[in-house]
Amino acid sequence: MITAVRDFANRFLGRGDATITVPSFDGALKPNQKLESAETLLTCEGPEDLATDGSNLFIADGQRLLRLDDSTAVEVRSFERPISALCALPGGSLAVALGGREVHLYANPTAEQPSVTFADSAFHAINALALAGDATLIATDGSTTCDVDDWARDLMELNRTGRVFRLDPASKTVTPLAQGLGHAFGACAHGNGALVSESWRHRLVMVAPGAAPRTVLAHLPVYPSRLSKASGGGYWLTAFTARTQLIEFVLREPAYRRRMMAEIEPAYWVAPRLRSGLSFKEPMQGAHIKTMGVIKPWAPPRSYGLVIRLNGDGQPLYSLHSRVDGINHGVVAAIEVGGDLVLIAKGPGRVLRLPLAGLAEEFSS
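A. Up close: the overall build of the chain. Counting secondary structure elements, the chain contains 5 helices and 24 strands. Against the 2.2 N^0.38 benchmark of 21 Å for 365 residues, the chain shows a C-alpha radius of gyration of 20 Å, consistent with a compact globule. For the chain, the spread of C-alpha atoms along the three principal axes comes to 55 × 50 × 45 Å. Counting the 365 residues in the chain, one finds 51% classified as buried. For the chain, contacts bridging at least 24 residues in sequence account for 50% of all contacts bridging at least 6. Seen as two clouds, the 36 positive and the 37 negative side-chain charges of the chain have centres 7 Å apart.

B. Region of the structure containing the sheet that holds strand β5 (residues 72-78). Spatially, 4 strands are ordered β2-β3-β4-β5 in an open sheet, and the strand pairing comes out antiparallel. The sheet is open, and its two borders are formed by β2 (47-52) and β5, each paired with just one other strand. This sheet shows a mean twist of 30 degrees between the axes of neighbouring strands, independent of strand direction. The sheet contact formed by strand β4 (residues 64-69) and β5 spans 6 bridges and is antiparallel. If you follow Leu65 over to β5, its bridge partner there is Arg77.

C. Representation of the layout of surface pockets in the model. Approximately 540 Å³ is the volume attributed to the second largest pocket. When residues of the lining of the second largest pocket are traced back to their parent elements, those giving at least two are β2, β6 (83-88), β10 (126-131), β14 (184-190), β18 (222-229) and β22 (331-337). Class assignment for the residues of the lining of the second largest pocket results in 17 nonpolar, 4 polar and 4 charged.

D. Summary view of helix α4 (residues 254-263). Within the sequence span of α4, burial applies to Arg257, Met260 and Met261. Projected down its long axis, α4 carries its buried residues within an arc of 90 degrees, all on one side. What points out from α4, more than 90 degrees from its buried face, is the exposed set Arg258, Arg259, Ala262 and Glu263. Check the buried side of α4 and you find it contacts α2 (151-156) and α3 (245-250).

E. Main features of the pattern of salt bridges. One pass over the full model with this rule turns up 20 salt bridges. Asp141 serves as the salt-bridge partner of Arg163, at 2.7 Å between the closest nitrogen and oxygen. Here Arg163, found in strand β12 (residues 162-168), pairs with Asp141, found in strand β11 (residues 137-141); they are 22 residues apart in sequence, far enough to count as distant. Linked by salt bridges that have partners in common, Glu48, Asp49, Arg226 and Lys346 make up one network.

F. Looking closely at the sheet that holds β18. If you walk across this open sheet you meet the 4 strands as β18-β19-β20-β21, and the pairing is antiparallel. Both edges of this open sheet fall to β18 and β21 (316-322), since each of them pairs with a single strand only. Between one strand axis and the next, the sheet turns by 20 degrees as a mean value, whatever way the strands run. Inspection of the sheet shows strand β20 (residues 305-310) paired to β21 by 6 bridges, in the antiparallel sense. Looking across to β21, one finds that Ile308 is bridged to Ser319.

G. The packing of aromatic side chains, seen in detail. The full count for this structure, using the stated rule, is 10 aromatic pairs. Judged by centre distance (5.2 Å) and plane angle (15 degrees), the ring pair of Phe25 and Tyr304 falls under stacked. Here Phe25, found in the loop between α1 (2-13) and β1 (39-43), pairs with Tyr304, found in the loop between α4 and β20; they are 279 residues apart in sequence, far enough to count as distant. Relative to Phe363, the ring of Tyr318 lies with its centre 5.2 Å away and its plane at 5 degrees, an arrangement referred to as stacked. With Tyr318 in strand β21 and Phe363 in helix α5 (residues 359-364), this pair connects stretches of sequence that are 45 residues apart. On the basis of relative accessible area, Tyr318 is assigned to the buried category, the value being 9%. For Phe363, a relative accessible area of 27% translates into the label partly exposed. Its end group placed over the ring of Tyr106, Arg77 keeps NZ or CZ at 4.4 Å from the ring centre.

H. A look at the pairing of strand β17 (residues 211-217). As defined by bridge partners, strand β16 (residues 203-208) adjoins β17 across 4 bridges and the pair is classed as antiparallel. Bridging from a neighbouring strand, Val205 pairs with Thr215 of β17. With antiparallel pairing between neighbouring strands as the criterion, β16 and β17 make up a hairpin whose turn holds 2 residues, including Gly210 at a positive phi of roughly 75 degrees.

What counts as what
Residues numbered from 1 in each chain as written. Predicted model: local features only at pLDDT ≥ 70, side-chain atom pairs only at ≥ 80, totals over all residues. Heavy atoms only, no water. Helix = DSSP H or I, 4+ residues; strand = E, 2+ residues; numbered from the N terminus. Rg over C-alpha atoms; globule rule 2.2 N^0.38 Å. Buried < 20%, exposed > 50% of the residue type's maximum accessible area, 1.4 Å probe, protein only. Contact = heavy atoms within 4.5 Å. Lys, Arg positive; Asp, Glu negative; His and termini not counted. Charge placed at Lys NZ, Arg CZ, Asp CG, Glu CD. Pairing = 2+ DSSP bridges. Axes fitted to C-alpha atoms, helices over the stretch in contact; angles between N-to-C directions. 1 Å grid on protein atoms, 1.4 Å probe; cavity = no way out; pocket = protein on both sides within 12 Å on 5 of 7 lines; lining within 4 Å. Points joined across faces, edges and corners; volume = space filled by probe spheres on them. Nonpolar A, V, L, I, M, F, W, Y, C, P; charged D, E, K, R; others polar. Arc of directions from axis to C-beta. Salt bridge = Lys/Arg side-chain N within 4 Å of Asp/Glu carboxyl O. Phe/Tyr/Trp six-rings, centres within 6.5 Å; stacked < 30°, edge-to-face > 60°. Lys NZ or Arg CZ within 6 Å of the ring centre and 35° of its normal.

In structure tokens:
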């Protein structure tokens, strides 16, 4: 009863979760253009996720599984459905999520048949996989109602149906760890639970069996996505785009959102995107309009690129940006390979490489 009254008061007064303010990029999130200096290793039609076994780098590109040899992409195999998540497993095996509905485990990347298949009826939008210390897998499922690529609709419908599962290859069982999340999109194992990105609530939470999710990092100015472990401890957190006041306002106008979704093509909704500036039909906002043919880098973004380096407690240390006037937007995956950070900028369809040497010192000075 108290919670219901508080929520009603927040909506009436425009505070709490009902506020249309957006936290600023400041402190460890201070803007830069570091991602624009990254080397482009490969351009793909539909890059989605990355995985490495320590020596090989695998790339999910639509239905194709690629391996990057030096700077050459070799097609390892293709599947009947698009790959929605990848995870390298011990002994050279590989976990592959297909179409968000199934997870297949292969003894090696070229094995014809999977050694284990998880096809639980609950799966709907599996978008990330992570290896846990007990040889199980952590899987995030973004939504029970929207497909894995239909995340903009999931946001506009204010859905909170994301889930986290533990997949056990030994027993072939699926165990729910959390539900009711605002689009779970990325996880890293932590103890007997997992650190999870909750995109629509702009935060990281810790989930564990039998416990309510605990907030670790809140009030992010972005929509967080996949996580990976960093050398020396901590994590890399990607964010597929940034928040704006305009979108926050639209999310609080149900009549407008219903008409927008019913009458306008999804590509032109007032919603976050992985790429922008391609059509005059795109919704614009005052500070985003070009002046003398140039978009100001501090303009409210429709698309953005961001990776955040977190410490072991999940707190930001520094961040790498591609601002509004950049192109490497829609960062959905980042992993360390040797002495480099390899990333996917899904907006332009690029696989990027950024040397790690001196990176921490550059942002601590």
